[in-house]
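# Notes for the structure review
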Amino acid sequence: MESRGVLVATGSACAANSGTRSHVLASVGLSESEIDGSLRLTLGKLNNDENIKRAGEFIIEAVQAEMKRARR
């Protein structure tokens, strides 16, 4: 994603760089696999509608490509 200009991270900010699962995501009822598969996007004042739309399209493409690979 980053090679396409979309900055992402896994997990949540509260667990960033800690090597543990997010207690916040667990507290809202997510399973361990859902927590491990989560994706965090940060939006700031420099983002606009077009940036967000493009990021969404890239995420959809990446998920679809991974699903195709998993079926093989």
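Residues numbered from 1 in each chain as written. Predicted model: local features only at pLDDT ≥ 70, side-chain atom pairs only at ≥ 80, totals over all residues. Heavy atoms only, no water.

## So, the overall build of the protein chain
What counts is decided by this rule: Strands here mean DSSP runs of E at least two residues long; helices mean DSSP runs of H or I at least four residues long; both are numbered from the N terminus. A 1.4 Å probe rolled over the protein chains alone gives each residue an accessible area, and that area as a share of the maximum for its type sets the label: buried under 20%, exposed over 50%, partly exposed in between. The contact criterion used throughout is that any non-hydrogen atoms of two residues lie within 4.5 Å.
On a plain count of helices and strands, the protein chain comes out with three helices and two strands. Walking the protein chain from its N terminus toward its C terminus, one meets helices and strands in the order β-α-α-β-α. The 72 residues of the protein chain split such that 14% are buried. In the protein chain, 56% of the contacts between residues at least 6 apart in sequence involve partners at least 24 apart.

## Considerations on the environment of Glu-32
For Glu-32, the position within the fold is in helix α2 (residues 32-36). In sequence terms Glu-32 and Ser-22 are 10 residues apart; their C-alpha atoms lie 9.5 Å from each other.

## Structural notes on the pattern of salt bridges
The condition is simple: Any Lys or Arg side-chain nitrogen found within 4 Å of a carboxyl oxygen on Asp or Glu counts as a salt bridge.
Applying the stated rule across the entire model yields three salt bridges. A salt bridge links Glu-32 to Arg-21, with the nearest nitrogen and oxygen atoms 3.8 Å apart. With Glu-32 in helix α2 and Arg-21 in the loop between β1 (8-10) and α1 (23-27), this residue pair connects regions lying 11 residues apart in the sequence. For Glu-66, the salt bridge identified is with Arg-69, shortest N-O distance 3.3 Å. Within this pair, Glu-66 and its partner Arg-69 are both found in helix α3 (residues 49-71), separated by three residues, close to a single helical turn. The class of Arg-69 is partly exposed, set by a relative accessible area of 48%. Salt bridges linked by common partners bring Arg-21, Glu-32 and Asp-36 together as one network.

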